[in-house]
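As a plain string of letters, each chain reads:
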Amino acid sequence: MTYTMFHQWRDTPSGTRPRLSVVIPTYNEAERIVPTMAAIGVHVSGQGLDWECIVSDDGSTDDTVAVVEALGLANVSVLRAPRNQGKGAAVRAGVMAARGDVILFCDADNSTPISELDHLMARLEAGVCDVVVGSRASAGASVANRSNLRELLSRGLQRIVRFMVRTDVRDTQCGFKLFTRTAAHEIFSYQRLDGFAFDLEVLFLAQRLGFGVAEEPVRWFDAPLSKINPLIEPFRFLRDVVRMRGMAMSGAYRERSCPPLTSTPQPLSKLA
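Here the structure is a predicted model, which means the values were calculated and not measured.

### Here we look at the side chain of R92
Then, in step 1: Note on placement: R92 falls in helix α4 (residues 87-97).
Then, in step 2: With residues near it in sequence (within four places) discarded, R92 still touches F188, Q191, R192, L193, D194, S257 and C258.

What follows is the structure, encoded as C-alpha cells:
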C-alpha cells in the first residue's frame, strides 16, 4: 500500500492546499539528495497525506538541481538561489513558498529519520503549540555517531544560547522543525539571519510573536560529509547571535524582512 501511495504522489499533482509541505535546503547535495528524498517520499506518502516537497537550493555548484529535476516527481518543486547565501536563506525561501497547512523543514543528509515526523505531527495536532522542535537534548532522544569534536561544538553553542538569549528550548539547532502554516509564514517573514544561527532566530521570533513552542525527542545520526566546519562555525554563530541581539534592541524586527506570502514554486513538469 505504501509503494502504491508513493506512485500516486509521484505522478499526480497535489491540491492547491496540501496538508503538508516538506522543505529541504540543499547545497552541493548531489550525492545524498536522492536517498533522502526517497526515504521521505515513501514514508510520508504511506501516511495518506496530500503533500508537497520543496527543494530550496542555495546556489549549488554541483548537479544537485539537475539530479532532483531528473526524478520527474509531480509534487516536487525546486527553488534556485542565484548564489550561495546560507542555510537560513534557503530555508526561508522554501518556507515562504510552502502551501501546506503544516510545514516541516529537514536537513538533506537525513540525520533525523523522516519517521520522526509522526511524533512531531501528533504533538502539533494536539493543538497545544504552533511549533514543534525535534530535540536531541530531551529525555528519550537518541544520538549516534557524533564525534567528540561535534559534541564539544554542540555543547559550546548551547551555552552561548543560554547566556545570550532567553529560551526554554534545550536543542535549538536540530534541523528538524515543524510549524503550522500561520506560524511558519509569520515567523519567517521577520527572519533575517542566513547562517546556522537562523534556527535560534526562528525560535526567538516564535516566542516574540507569541507562538507556542514544544520540544519532541528524536533519533539523530551524525551523517558523514557534514557541511559544518567545527573550527569556523562557532565564531560565525556567535557573530550572528550578537547581530540578532543588536537587531532586537534597535527595533529592526518591527519590520518584516519579506512579504508574509510568496508565489508558489513551479512544479518540475512545468520547468522542463
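### Here's the deal with the packing of helix α8 (residues 198-208) against helix α9 (residues 233-250)
Then, in step 1: It is the contact of α8 with α9, at a shortest axis distance of 11 Å, that shows an interaxial angle of 25°. As summarised for this structure, α8 and α9 are arranged roughly parallel, according to the angle between their axes. In this structure, α8 meets α9 at a crossing whose hand is right-handed. In this structure, α8 uses L200, E201, F204 and R208 to contact α9, whose residues at the interface are F237, V241, M244, M247 and A248.
Then, in step 2: Looking at the contact of α8 with α9 residue by residue, the class counts come to seven nonpolar, no polar and two charged.

### Quick look at the environment of R208
Then, in step 1: For R208, the location among the structural elements is in helix α8.
Then, in step 2: Separated by 40 residues in the primary sequence, R208 and A248 place their C-alpha atoms 10.0 Å from one another.
Then, in step 3: In this structure, R208 is in contact with A248 and Y253, ignoring residues within four places of it in sequence.

### Let's talk about the packing of aromatic side chains
Then, in step 1: Evaluated as defined, the whole model comprises six aromatic pairs.
Then, in step 2: For the ring pair F105 and F179, a centre distance of 6.2 Å and an interplane angle of 25° mean the geometry is stacked. Of the two residues, F105 is situated in strand β4 (residues 102-106) and F179 in strand β7 (residues 176-180); the sequence distance between them amounts to 74 residues.
Then, in step 3: Taking the centre distance of 5.7 Å and the plane angle of 75° together, the rings of F179 and F188 count as edge-to-face.
Then, in step 4: Grouped by ring-pair contacts, the aromatic residues F105, F179, F188 and F198 constitute a single cluster.
Then, in step 5: For R136, the ring lying beneath its charged end belongs to W220, and the centroid distance is 4.8 Å.

What counts as what
Residues numbered from 1 in each chain as written. Predicted model: local features only at pLDDT ≥ 70, side-chain atom pairs only at ≥ 80, totals over all residues. Heavy atoms only, no water. Helix = DSSP H or I, 4+ residues; strand = E, 2+ residues; numbered from the N terminus. Contact = heavy atoms within 4.5 Å. Axes fitted to C-alpha atoms, helices over the stretch in contact; angles between N-to-C directions. Parallel < 35°, antiparallel > 145°, perpendicular 65-115°, else oblique. Left-handed = near helix turned anticlockwise from the far one by under 90°. Nonpolar A, V, L, I, M, F, W, Y, C, P; charged D, E, K, R; others polar. Phe/Tyr/Trp six-rings, centres within 6.5 Å; stacked < 30°, edge-to-face > 60°. Lys NZ or Arg CZ within 6 Å of the ring centre and 35° of its normal.

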